[in-house]
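# Commentary on secondary and tertiary structure
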Amino acid sequence: MTALEQVDLSATGQRSPSRAWRKLKANKGALVGLVIIAFFTLLAVLAPLLPIPDPNATSWSAIRKAPSAMHWLGTDDIGRDILSRMIWGAQASLLAGVVSVGIAVAIGVPFGLISGYFGGWTDQIISRVTEAFLAMPFLITAIALAAFLGPSLINAMIAIGLSAMPVFIRLTRGQVLSVKTEDYVEGARSIGLRHSSIILRYILPNVFAPILVQATLTIATAIIAEASLSFLGLGQQPPAPSWGSMLNVAKNYLSQAPWMAMWPGVAIFLVVIGFNLLGDGLRDALDPREA
């Protein structure tokens, strides 16, 4: 057996995919979360094909109508069908959650890898900047960035992604610090592999599991942040539907038409619970210390 093969065989910190999947399937909470996420994702993807009214079509004869056979979830202040707007609004909320976390991971993980692996002044600079960002509340930072960039869904996703980035830098750095002293990493160095090869081939795969868990949990936070920005007028712009902007309108009619606020609130609650349950299940399934 060559030295390189010995290094490959010694990187045992990961749990096999099949074993992790069996562990995940045995977790009822994680399966419930997965079903909830799959349900809303399916609605969002199939929105153009579903037999529902135009989400922006108004009807002055159906203003603030209670749920009925014609409008299952009722109508809003200008007669738009709430069910239709809920389904189309799922696209904005889920897209914002996934894209913003993708931005945070794409920027944060490389900086965390560099900071943890090389150390020295590079680590000092990255760590101090990260701590400065973490000193500010996540939502306040997102609101400030969104206000600076301008009100739109794209700018809201960028603002949320940049606000969540420090969490992934700190998490990745901490994981790298514990992994880079392992024997298989030292073995890779001893046979003369380049730093880039060691990081991508031996360190990143062994720190990927906690990053995946954190990303899943952060999607839930990002969905709440997007709803908050849309509620404040900094996210999805009218008349395009968004759960947060629907709540913004509904706050004016809580006594006359409570269903306008109830359904978007329930949707946000369910999706956030779904991602949190899935994240907890992934944490248990991917933990190599669990049997």
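Residues numbered from 1 in each chain as written. Predicted model: local features only at pLDDT ≥ 70, side-chain atom pairs only at ≥ 80, totals over all residues. Heavy atoms only, no water.

## What to know about the nonpolar core
Most often, soluble globular proteins have nonpolar side chains that are buried together. If you look at the biggest cluster of nonpolar residues, it comprises 61 residues, and the most contacted ones within it are I203, W243 and F275. Secondary-structure elements contributing two or more residues to this core are α3 (28-46), α4 (82-118), α6 (138-149), α7 (153-179), α8 (183-190), α9 (195-231), α10 (243-250) and α11 (259-286). Top element by residues in this core is α9. It accounts for 16 residues. The residues contacting F275, other than those within four sequence positions of it, are I37, L94, T216, L217, I219, A220 and I223. (Core = buried A, V, L, I, M, F, W, Y, C linked by side-chain atoms within 4.5 Å. Buried < 20%, exposed > 50% of the residue type's maximum accessible area, 1.4 Å probe, protein only. Helix = DSSP H or I, 4+ residues; strand = E, 2+ residues; numbered from the N terminus. Contact = heavy atoms within 4.5 Å.)

## Re the environment of W121
If you trace the backbone, W121 turns up in helix α5 (residues 120-134). Residue W121 is classed as exposed on the basis of its relative accessible area, which comes to 66%. Between the alpha carbons of W121 and S59 there is a distance of 63 Å; along the sequence they are 62 residues apart.

## A closer look at the packing of aromatic side chains
All told, the structure shown has 3 aromatic pairs when counted by the stated rule. Measuring from ring centre to ring centre gives 5.8 Å for F40 and W243, while their planes differ by 75°; the resulting arrangement is edge-to-face. With F40 in helix α3 and W243 in helix α10, this pair connects stretches of sequence that are 203 residues apart. Here F40 matches W243 in class, with each residue buried. With a centroid separation of 5.0 Å and 90° between ring planes, the pair formed by Y117 and F118 is classed as edge-to-face. Under the relative-accessibility criterion, Y117 is labelled buried at 7%. Taken together, F39, F40 and W243 form an aromatic cluster joined through their ring pairs. When the ring centre of F231 is taken as origin, the NZ or CZ atom of K251, which lies over that ring, is 5.7 Å away. (Phe/Tyr/Trp six-rings, centres within 6.5 Å; stacked < 30°, edge-to-face > 60°. Lys NZ or Arg CZ within 6 Å of the ring centre and 35° of its normal.)

## Quick look at the pattern of salt bridges
Applying the stated criterion across every chain yields a total of 6 salt bridges. The partner of D76 in a salt bridge is R85, and the shortest N-O contact between them spans 4.0 Å. Of the residues examined, D76 reaches a relative accessible area of 6% and is grouped as buried. The residue E131 makes a salt bridge to R128 at a minimum N-O spacing of 2.8 Å. (Salt bridge = Lys/Arg side-chain N within 4 Å of Asp/Glu carboxyl O.)

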